[in-house]
Amino acid sequence: MATFVLVPGMCHGGWSYRPLTERLRRHGHEVYPLTLTGVGERAHLLDAGVNLETHITDVTAVLEAEEIEDAVLVGHSYGGMVVTGAADRVPDRVDSLVYLDAVVPQDGDSCWDLVPDQEHEWYLDVTEAGYATRPLPFFDPRTTPHPLASLLQPIRLAGDLSRFRRRDYVYATEWGDRESPFTPVYRRLSEDPSWTTHALTARHNLMRDAPDDLLKILLDIAHPAPGSGTPV
């Protein structure tokens, strides 16, 4: 049995992983779909001080309080920043990392640094208070504004990702009439033999659009088949 900790992207809560959560639990795995501070059902905690480090602490606190060891950390989109930081803070509690159409930062990077300028226009569409980015109009109605400071704060990392058993990247190929902002990282990691990469014919919200394909990937990470673990 594996333990999966699922971290959503901007403006979304743990509910965004529901189709995947239910499938993983039916296979006997422990699953913790998290909602980050200031978002979703935790929107009442939003203030100007909520930043990337706050969200990293959200994850490490669960790992410690639940006495989780050998966690598989899964991050969607912005959640890639969070799972990277959490794994760096408590590497003894983490087995593997999975990035779902996500940013993969190095020391000193911010989410702002890792996305193209067209994403910056969205980030700066802030609420009246000035410290939260509004959800895009086509988002799920349950989404809420996202703490702007978490997008601007550089991540600080003491080690690299090679410490972990597996690092998987899942790329969504369907971005409509524009290129995915995650194409450069997918291409780079596809050429790195220490990473396993996957390309799914789906839109950015992979958990909603491709839960069965994601389930196969996560089950392989939990129970790798002979010869698995090579880039595809």
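Residues numbered from 1 in each chain as written. Predicted model: local features only at pLDDT ≥ 70, side-chain atom pairs only at ≥ 80, totals over all residues. Heavy atoms only, no water.

Chemist: How do you make sense of unusual backbone geometry when you look at a structure like this?
Modeler: Generally, phi is negative for residues other than glycine and the peptide bonds are trans, each holding for most cases. A positive phi angle, close to 70°, is found at C11, a residue other than glycine. If you trace the backbone, C11 turns up in the loop between β1 (3-7) and α1 (18-26). On the basis of relative accessibility, which here comes to 0%, the residue C11 falls in the buried class. Notably, E67 is not glycine yet its phi reads approximately 55°, a positive angle. By secondary structure assignment, the location of E67 is in the loop between α2 (52-65) and β3 (71-76). Residue E67 is classed as exposed on the basis of its relative accessible area of 65%. (Helix = DSSP H or I, 4+ residues; strand = E, 2+ residues; numbered from the N terminus. Buried < 20%, exposed > 50% of the residue type's maximum accessible area, 1.4 Å probe, protein only.)

Chemist: Just checking my understanding: could you explain the sheet that holds strand β8 (residues 196-200) for this structure?
Modeler: Sheet strands pair by backbone hydrogen bonding; their relative direction is either parallel or antiparallel. Ordered in space as β2-β1-β3-β4-β7-β8, the six strands form an open sheet in which the pairing is parallel. Pairing within the sheet leaves two strands with one partner each, and these edge strands are β2 (30-33) and β8. For this sheet the average axis-to-axis angle between neighbouring strands, irrespective of direction, equals 15°. Pairing between strand β7 (residues 166-172) and β8: five bridges, direction parallel. Residue pairing across strands places Y169 opposite T197, the latter belonging to β8. Helix-sheet contacts for helix α3 (residues 79-89) involve β1, β3 and β4 (94-100), and the interaxial angle to β3 is about 155°. (Pairing = 2+ DSSP bridges. Axes fitted to C-alpha atoms, helices over the stretch in contact; angles between N-to-C directions. Contact = heavy atoms within 4.5 Å.)

Chemist: Any chance you could explain the pairing of β8 here in plain terms?
Modeler: Successive residues of a regular strand alternate their side chains across the two faces of the sheet. Buried residues dominate β8, accounting for four of its five residues. Crossover connection from β7 via helix α7 (residues 183-190) to parallel β8: handedness right-handed. (Right-handed = clockwise from strand over helix to strand, strands pointing away.)

Chemist: Explain the packing of α1 against helix α9 (residues 211-222) here, please?
Modeler: Between two packed helices, the angle of one axis relative to the other and the distance separating the axes together describe the packing. Between α1 and α9, the least distance of the axes is 10 Å, while the angle of their chain directions is 45°. As the angle between them shows, α1 and α9 are arranged oblique. The hand of the α1/α9 crossing is right-handed. Between α1 and α9, the residues in contact are P19, L20, R23 and L24 and P211, D212, L214, L215, L218 and L219, respectively. Taken together, the residues that form the contact of α1 with α9 break down as eight nonpolar, no polar and two charged. (Parallel < 35°, antiparallel > 145°, perpendicular 65-115°, else oblique. Left-handed = near helix turned anticlockwise from the far one by under 90°. Nonpolar A, V, L, I, M, F, W, Y, C, P; charged D, E, K, R; others polar.)

Chemist: Got a minute to help me understand α2 in this structure?
Modeler: Owing to its 3.6 residues per turn, the α-helix aligns residues three or four sequence positions apart on the same side. With 14 residues, α2 ought to run about 20 Å at 1.5 Å a step, and its terminal C-alpha atoms sit 20 Å apart, in line with that. Buried within α2 are the following residues: L52, H55, I56, D58, V59, T60 and L63. Those residues of α2 hidden inside the fold are in contact with β1, β3, α3, β4, β6 (146-147) and α6 (148-152). The backbone nitrogen of E53 has a side-chain oxygen 3.1 Å away, supplied by the residue at the start of α2, namely N51. Once α2 ends, the next one or two residues include E67, with phi positive near 55°. (Expected span 1.5 Å × (residues − 1). Polar contact = N/O pair within 3.5 Å; in protein donor to acceptor, adjacent residues only side chain to side chain.)

Chemist: What should I look at first to understand the confidence of the model for the protein chain in this one?
Modeler: Summing up the model confidence of the protein chain, the mean pLDDT is 95 and the portion of residues at 70 or higher is 96%. Of the regions scoring below 50 in pLDDT, residues 228-232 engages in 13 contacts with residues more than four places distant in sequence or in other chains. (pLDDT = per-residue confidence, 0-100.)

Chemist: I keep staring at the packing of α2 against α3 and nothing clicks. Help me out?
Modeler: Two numbers describe how α2 lies on α3: the axes approach to 8 Å, and their chain directions differ by 60°. What the angle tells us is that α2 and α3 run oblique. As α2 runs across α3, the sense of the crossing is right-handed. Of the residues in α3, those in contact with L52, E53, H55, I56, V59 and T60 of α2 are M81, V82, G85, A86 and R89.

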